[in-house]
Amino acid sequence: MLPYGKQTIGQDDIDAVIEVLQSDWLTTGPKVIEFESQFAQTTGVSQAVAVSSGTAALHCAMFGAGIGKTESEEVIVPSITFVATSNAAIYQGAKPVFADVDPKTLLIDPDDVRRKITSRTTAIVAMDYAGQPCDYEALRAIANEYNLVLISDACHSLGGYLDEQPIGTHADFTCFSLHPVKQITSGEGGMVVTHDAPAAARMREFRNHGITTDFRAREKLAKHQYAMESLGFNYRLTDIQCALGLSQLSKLARFTRRRNDIARFYRVLLSEVEHIETLPTRQGVLNAHHLFVIKWNAQLSGVTRDKAFKAMRERGVGVNVHYQPVYQHPFYIRQFGDQNGSCPNAEAAYSQILSLPIFPGMIETDVRRVVTELQEIGKFNVPKRKAA
Ligand SMILES: Cc1ncc(COP(=O)(O)O)c(C=O)c1O
């Protein structure tokens, strides 16, 4: 099965991990600090806080931003995203309010964000769907106007750029995932980046039970006392994971270029396929291409998206669907009621989207194979006629 995403691990990554295993510090050691520092540099910010997952990163960002300090707060989140984006607001006691997406890019629609703001809104979370940065200029203007925190779920867009600035610089807090299908991996892992040093200090405590010093700092001071100042979690990332992350980070630019090459090749081949539409990349954007999402036209192909999904899987191509509108999940219906009809673009897109395989280790033959299978599954296997 050709997977939709896959890590690329080299001997240098393996050697970096082994070196840590032979050292004194497996966790809360020097590799964590080194990884944070390199990550901050790559993403163009002063502060990076390493945590155990992208989900932990989102939870830390909510805490760092002070979300949930008062009762009945609302946080605006995109309707098409992984559940972790909105779950993080709930962890902090806030209610997620879903904004619709742009029908072409499937990125959160700033106009709908504006419509969903109430006196209880405290933050906006944008998610860089498939690797394309959101319209941060518009979102920043709204956030400033209503005095809201702007959080970026950039779990898809590490390595991407918007207006020549790296992803990491556009929001107050930007969260990344280091899961194996993402741009780079540490096995499991995450990172929050920010320009806000006091908030970074709060998040460092939060990832360590709300305790003000870590074990290594106390060892240095030969002190056994510690103070727990807030209710935190164990969201620490190990030195083993940070060594892998550091080694992977040095290859980020190369991985991003490769993903863009694959995406370009897909676009060329798919421009000939009548029943498939690709998502456009906006001007001024370097798309990180975590996913390559297409819209499947059931009418033109005579086959529903779900049937196409099944047929592709049967043919050994690991396509996927990212994502069902979050408010349609049973937990959300029980907790917040039936919100069907609230985000029509997201609901329409959900019946059409299909994520095709994309990862740095893919070769051109893989791309051709995926496109051939997609063509064969469509009823009218007719190439588009070129414009005269
Ligand atoms: C958009 C988005 N947000 C958050 C997450 C959560 O990241 P993690 O799996 O590292 O917890 C993911 C991971 O799949 C994601 O795709």
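Residues numbered from 1 in each chain as written. Predicted model: local features only at pLDDT ≥ 70, side-chain atom pairs only at ≥ 80, totals over all residues.

*Asks:* Break down the packing of helix H3 (residues 54-64) against helix H7 (residues 197-206) for me, with residues and values.
*Replies:* It is the contact of H3 with H7, at a shortest axis distance of 9 Å, that shows an interaxial angle of 130 degrees. In this view, H3 runs oblique relative to H7, as classed from their interaxial angle. Crossing of H3 against H7: the hand is right-handed. When H3 is examined against H7, the residues Cys-60, Phe-63 and Gly-64 are found in contact with a partner set consisting of Ala-199, Arg-202, Met-203 and Phe-206. By residue class, the composition of the contact of H3 with H7 is five nonpolar, one polar and one charged. (Axes fitted to C-alpha atoms, helices over the stretch in contact; angles between N-to-C directions. Helix = DSSP H or I, 4+ residues; strand = E, 2+ residues; numbered from the N terminus. Parallel < 35°, antiparallel > 145°, perpendicular 65-115°, else oblique. Left-handed = near helix turned anticlockwise from the far one by under 90°. Contact = placed C-beta atoms within 7 Å. Nonpolar A, V, L, I, M, F, W, Y, C, P; charged D, E, K, R; others polar.)

*Asks:* Describe the site of the ligand, naming the residues involved and giving the relevant values.
*Replies:* By nearness alone, 14 residues border the ligand, and Ser-53, Gly-54, Thr-55, Cys-155 and Ser-177 come closest of all. Elements with a contribution of two residues or more to the shell around the ligand: H3 and helix H4 (83-91). (Near = placed C-beta within 6 Å.)

*Asks:* Go over the sheet that holds strand E13 (residues 353-356) with me, naming the residues and quoting the values.
*Replies:* Ordered by their spatial adjacency, three strands build an open sheet running E10-E12-E13, and the pairing between neighbours is antiparallel. Among the strands making up the open sheet, the edge pair consists of strand E10 (276-278) and E13. For this sheet the average axis-to-axis angle between neighbouring strands, irrespective of direction, equals 35 degrees. (Pairing = 2+ DSSP bridges.)

*Asks:* Describe the nonpolar core, with residues and values.
*Replies:* Formed by 116 residues in total, the largest nonpolar core has its most connected members in Val-51, Ala-57, Cys-60, Ala-61, Ile-124, Met-191 and Val-192. Broken down by element, this core gets its largest block of residues, seven residues, from H3. The two domains that each donate at least three residues to this core are domain 1 (11-251) and domain 2 (253-377). Those residues in contact with Ala-61 that sit more than four places away from it in its chain are Ile-151, Phe-173, Cys-175 and Val-192. (Core = buried A, V, L, I, M, F, W, Y, C linked by C-beta atoms within 7 Å. Buried ≥ 20, exposed ≤ 12 C-beta atoms within 10 Å, placed from the backbone. Domains from an automatic or database assignment.)

*Asks:* Residue-level account of the pairing of strand E8 (residues 173-177), with values.
*Replies:* The buried fraction of E8 amounts to five of the five residues, a majority that puts the element mostly inside the structure. Residues Phe-173, Cys-175 and Ser-177 of E8 are buried on one face, and the alternating residues Thr-174 and Phe-176, pointing to the opposite face, are buried as well. Looking at chain direction, strand E5 (residues 149-153) and E8 are connected through three bridges and run parallel. Residue pairing across strands places Asp-153 opposite Cys-175, the latter belonging to E8. Here E8 pairs with strand E9 (residues 190-194) via four bridges, running antiparallel.

*Asks:* Explain the domain arrangement of the protein chain to me, using residue names and the numbers behind them.
*Replies:* Examined at the domain level, the protein chain breaks down into domain 1 (11-251) and domain 2 (253-377). The C-alpha centroid of domain 2 is placed 26 Å from the C-alpha centroid of domain 1. Contacts between the two partners involve 29 residues from domain 1 and, on the opposite side, 29 residues from domain 2. Going through the elements one at a time, H4 and strand E6 (161-162) are the ones with two or more residues in the side of domain 1 that touches domain 2. Of the residues belonging to the side of domain 1 that touches domain 2, the class tally is 13 nonpolar, eleven polar and five charged.

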